[in-house]
Amino acid sequence: MSLRDRLNKLFNASGRPDQAGRYHIVQVRCKRCGEILSARIDLLNDLSPDYDAHTFHARKLVSGSGENRCFQVIELEIAFDQNKRVLEQRAAGAEIVTST
Ligand SMILES: [Zn+2]
């Protein structure tokens, strides 16, 4: 668990119930073993602005539970517009199943 994850956990534990719309959740299916994995993009912390294009980018690495003896790391890249709506997204090594 990264330091940021731990901090997020702390802040979430302090209980602000209204987190709706803060996270973009993507589910992907690993092309190697078929496991469904989900990634949560924190729209407040995980996005890098592209000042020239007026867009945001997020990159996330997701790896499986290991239950299927598959340790493939899936690289998720998502581009958002300035209102943080998804412009495009791709996953290397997996198919995107749902994106909300
Ligand atoms: Zn896999």
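Our subject is the structure listed above.
Predicted, not measured: the structure shown is a model, and the values here were computed from it.

Residues and numbers for the pattern of salt bridges, please.
By the definition in use, this model includes six salt bridges. Residue arginine 29 is joined to glutamate 95 by a salt bridge in which the shortest nitrogen-to-oxygen separation is 3.7 Å. With arginine 29 in strand E1 (residues 23-30) and glutamate 95 in strand E7 (residues 94-99), this pair connects stretches of sequence that are 66 residues apart. What makes glutamate 95 partly exposed here is its relative accessible area of 41%.

Can you tell me about the packing of aromatic side chains, naming the residues and giving the values?
Overall, the coordinates contain zero aromatic pairs when judged by the stated rule. Just above the ring of tyrosine 23 sits the side chain of arginine 40; from NZ or CZ to the centre is 4.0 Å. Its end group placed over the ring of phenylalanine 56, lysine 84 keeps NZ or CZ at 5.3 Å from the ring centre.

Please set out the coordination of the zinc ion residue by residue, giving values where relevant.
Cys30 (SG), Cys33 (SG) and Cys70 (SG) make up the full set of protein donors to the zinc ion, lying at 2.2 to 2.3 Å. Site description for the zinc ion: donor spacing in sequence, C-x2-C-x36-C. In this structure cysteine 30 comes out as buried when scored by relative accessible area, which is 4%.

Any details on the side chain of aspartate 81? Residues and values, ideally.
By the element assignment, aspartate 81 lies in the loop between strand E5 (73-80) and strand E6 (86-92). Here aspartate 81 falls in the buried class, since its relative accessible area comes to 15%. In this view, aspartate 81 contacts His54, Thr55, Phe56 and Leu87; residues no more than four positions away in its chain are not counted.

So, the sheet that holds E6: which residues are in play, and what are the values?
Pairing within the open sheet is antiparallel, and its four strands lie in the order E3-E4-E5-E6. At either end of the open sheet lies a strand with only one pairing partner, and these are strand E3 (48-50) and E6. Across the sheet, the mean angle from the axis of one strand to that of its neighbour is 20°, orientation sign disregarded. Examined bridge by bridge, E5 and E6 share six bridges and lie antiparallel to one another. By the bridge assignment for E6, glutamate 77 is matched with arginine 90.

Kindly report on the sheet that holds strand E2 (residues 36-42), identifying the contributing residues and their values.
Sheet strands pair by backbone hydrogen bonding; their relative direction is either parallel or antiparallel. One open sheet accounts for three strands, arranged E2-E1-E7; its pairing is antiparallel. Of all strands in the sheet, those with a lone pairing partner are E2 and E7, marking the two edges. Direction aside, neighbouring strands of the sheet carry axes that sit 30° apart on average. Taken together, the seven bridges between E1 and E2 define a ladder with antiparallel strand orientation. Residue glutamine 27 lies in a different strand from E2, and its bridge partner there is serine 38.

Parameters at a glance
- Residues numbered from 1 in each chain as written.
- Predicted model: local features only at pLDDT ≥ 70, side-chain atom pairs only at ≥ 80, totals over all residues.
- Heavy atoms only, no water.
- Salt bridge = Lys/Arg side-chain N within 4 Å of Asp/Glu carboxyl O.
- Helix = DSSP H or I, 4+ residues; strand = E, 2+ residues; numbered from the N terminus.
- Buried < 20%, exposed > 50% of the residue type's maximum accessible area, 1.4 Å probe, protein only.
- Phe/Tyr/Trp six-rings, centres within 6.5 Å; stacked < 30°, edge-to-face > 60°.
- Lys NZ or Arg CZ within 6 Å of the ring centre and 35° of its normal.
- Donors = N, O, S within 2.8 Å, 3.2 Å for Na, K, Ca; no water.
- Contact = heavy atoms within 4.5 Å.
- Pairing = 2+ DSSP bridges.
- Axes fitted to C-alpha atoms, helices over the stretch in contact; angles between N-to-C directions.

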